[in-house]
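Chain by chain, the residues:
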Amino acid sequence: MQIGTIGTGPIVETFLAACQQVPSVQVGAVYSRSGEKAAALASRFGIARTCTTMDELLGDPAIDTIYIALPNSLHFAQAVQALQANKHVILEKPMTSTLAEAQALVKLAREKGLYLFEAISTRHLPNYRQVRQDLSDIGPVRLVQCNYSQYSSRYTQLLAGEVTNIFNPVFSGGCLYDLNIYNLHFVIGLFGRPQAVHAYANKAFNGIDTSGTVVLEYDDFIATCSAAKDSASPSFQIIQGEKGYLDVAGPVNSCPSYEIRTGSRQETVNLQTQENRLVYEIEAFASCLARRDWAQAQSWLSESLVVMEVVEKARLEAGIVFGVDEV
Ligand SMILES: NC(=O)c1ccc[n+]([C@@H]2O[C@H](COP(=O)([O-])OP(=O)(O)OC[C@H]3O[C@@H](n4cnc5c(N)ncnc54)[C@H](OP(=O)(O)O)[C@@H]3O)[C@@H](O)[C@H]2O)c1
């Protein structure tokens with residue numbers, strides 16, 4: 001896999017550091033609107049080429065895959081451009097601002113026979129995958145509770161009236177799309193599409209959500225997904241079944257370990273050895289592409305579309321308005 005990256009935020013640095021640990025992945029070029037930023041990033045990771053126009057990046061025949069880490073509202077247009085240039089795409093979470101955009105991207109990728117991956121780390125973590133295996137031990141699930149809360153320094157800026165991208169409705173920001181999306185992936189990845197979705201949000205002066213809760217109703221249990229950027233809490237994901245429970249302690253985007261407690265089993269599980277949580281997803285994408293495992297890629301995409309459907313329902317029910325709604 002020969003990757004070109006778009007964006008220069010902290011997640012790109014984490015992504016590039018992870019790429020260095022996956023032998024089958026090379027990064028051929030980094031793109032930024034600023035030549036200086038591109039050069040600084042490239043030199044930190046020993047990358048030979050920098051680009052300041054999309055044409056340069058997409059015209060590079062050595063690059064087969066584009067990693068897009070831009071503000072959420074820009075994902076769709078950039079991904080369309082990359083797919084139209086016949087590149088595979090790794091798209092940061094959430095895939096797009098709307099379900100319709102995500103569906104259009106998936107359709108385009110399928111028509112062109114290209115791989116489109118959503119960079120959602122949770123799905124590829126060994127601990128998360130093992131939680132799925134262990135679910136049967138806790139009996140019929142009755143309640144799921146997830147909380148992913150991190151006080152954001154950009155919330156302090158927001159309180160002072162400064163709207164950064166992450167709290168800007170024009171860029172499809174806000175806590176639901178930034179943090180609670182991980183909880184939705186966690187629950188939907190294990191249990192599929194819920195029967196009903198209810199959502200509640202705390203909002204700032206500009207209408208963007210700064211924290212909130214989504215309730216997912218399933219046939220015989222309820223999941224609550226909470227997240228906050230305006231306040232802190234220990235992060236956890238607890239799945240309660242009639243015969244015991246699973247308690248994943250820590251942020252849902254890294255699932256550092258979990259405890260399982262049943263009548264016959266009391267254990268702490270941690271199968272993860274990588275410090276950089278993105279290594280697992282990059283290995284998964286590179287291996288999927290190398291094996292040309294189209295069925296696997298489509299199955300991940302189908303799940304991502306269900307998450308987009310649910311997050312959009314939640315957003316509309318909570319009255320969170322994005323710039324894209326007003327076009
Ligand atoms: N997977 C994860 O754990 C994780 C963690 C953090 C973020 N993310 C996702 O990564 C994406 C980027 O997040 P971020 O916090 O890095 O966003 P950001 O700082 O607001 O923007 C990312 C990059 O986009 C470019 N950019 C910013 N504003 C732009 C504009 N108006 N027009 C064109 N380009 C612009 C900038 O690159 P240049 O100035 O260099 O062009 C910037 O470095 C989001 O989708 C977010 O959800 C994922």
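Residues numbered from 1 in each chain as written. Predicted model: local features only at pLDDT ≥ 70, side-chain atom pairs only at ≥ 80, totals over all residues. Heavy atoms only, no water.

Taken together, 21 residues sit near the ligand, with T8, S32, K37, N72 and R277 positioned nearest. In the environment of the ligand, an oxygen atom lies 2.7 Å from a nitrogen or oxygen atom belonging to the backbone of K93. One of the side-chain nitrogen or oxygen atoms of R277 is found 2.6 Å away from an oxygen atom of the ligand. When isolated, the ligand has an accessible area of 900 Å², and the protein chains bury 81% of it. (Near = heavy atom within 4 Å. Polar contact = N/O pair within 3.5 Å; in protein donor to acceptor, adjacent residues only side chain to side chain. Areas by Shrake-Rupley, 256 points an atom, 1.4 Å probe, with all protein chains shown as cover.)

An order of 3-2-1-4-5-6 is seen for the six strands of this open sheet, with the pairing classed as parallel. Edge positions in the sheet fall to strand 3 (49-51) and strand 6 (116-119), since each has one partner strand and no second. On average, adjacent strands in this sheet sit at an angle of 25 degrees to one another, irrespective of strand direction. Note: strand 5 (residues 88-92) against strand 6, four bridges, orientation parallel. Of the residues in strand 6, the one forming a bridge with L91 is E118. Its contacts with the sheet put helix 2 (residues 35-45) on strand 2 (26-31) and strand 3, and the angle it makes with strand 3 is roughly 155 degrees. Lying on the sheet, helix 9 (residues 278-290) is in contact with strand 4 (65-68), strand 5 and strand 6; it crosses strand 6 at an angle near 170 degrees. (Pairing = 2+ DSSP bridges. Helix = DSSP H or I, 4+ residues; strand = E, 2+ residues; numbered from the N terminus. Axes fitted to C-alpha atoms, helices over the stretch in contact; angles between N-to-C directions. Contact = heavy atoms within 4.5 Å.)

With that settled, the discussion passes to the nonpolar core. Core analysis: the biggest nonpolar cluster contains 82 residues, and L116, L184, F186, V187, V214, L216 and I239 have the highest contact counts within it. When residues of this core are assigned to their parent elements, the largest contribution, eleven residues, is made by helix 8 (residues 175-191). Residue contributions to this core reach at least three from each of two domains, namely domain 1 (2-120) and domain 2 (145-279 + 306-326). Residues within four places of L116 in sequence aside, it is in contact with V89, L91, M95, L105, V106, A109 and L301. The next biggest cluster of nonpolar side chains, apart from the first, holds 32 residues, and it includes V12, C19, F285 and C288. (Core = buried A, V, L, I, M, F, W, Y, C linked by side-chain atoms within 4.5 Å. Buried < 20%, exposed > 50% of the residue type's maximum accessible area, 1.4 Å probe, protein only. Domains from an automatic or database assignment.)

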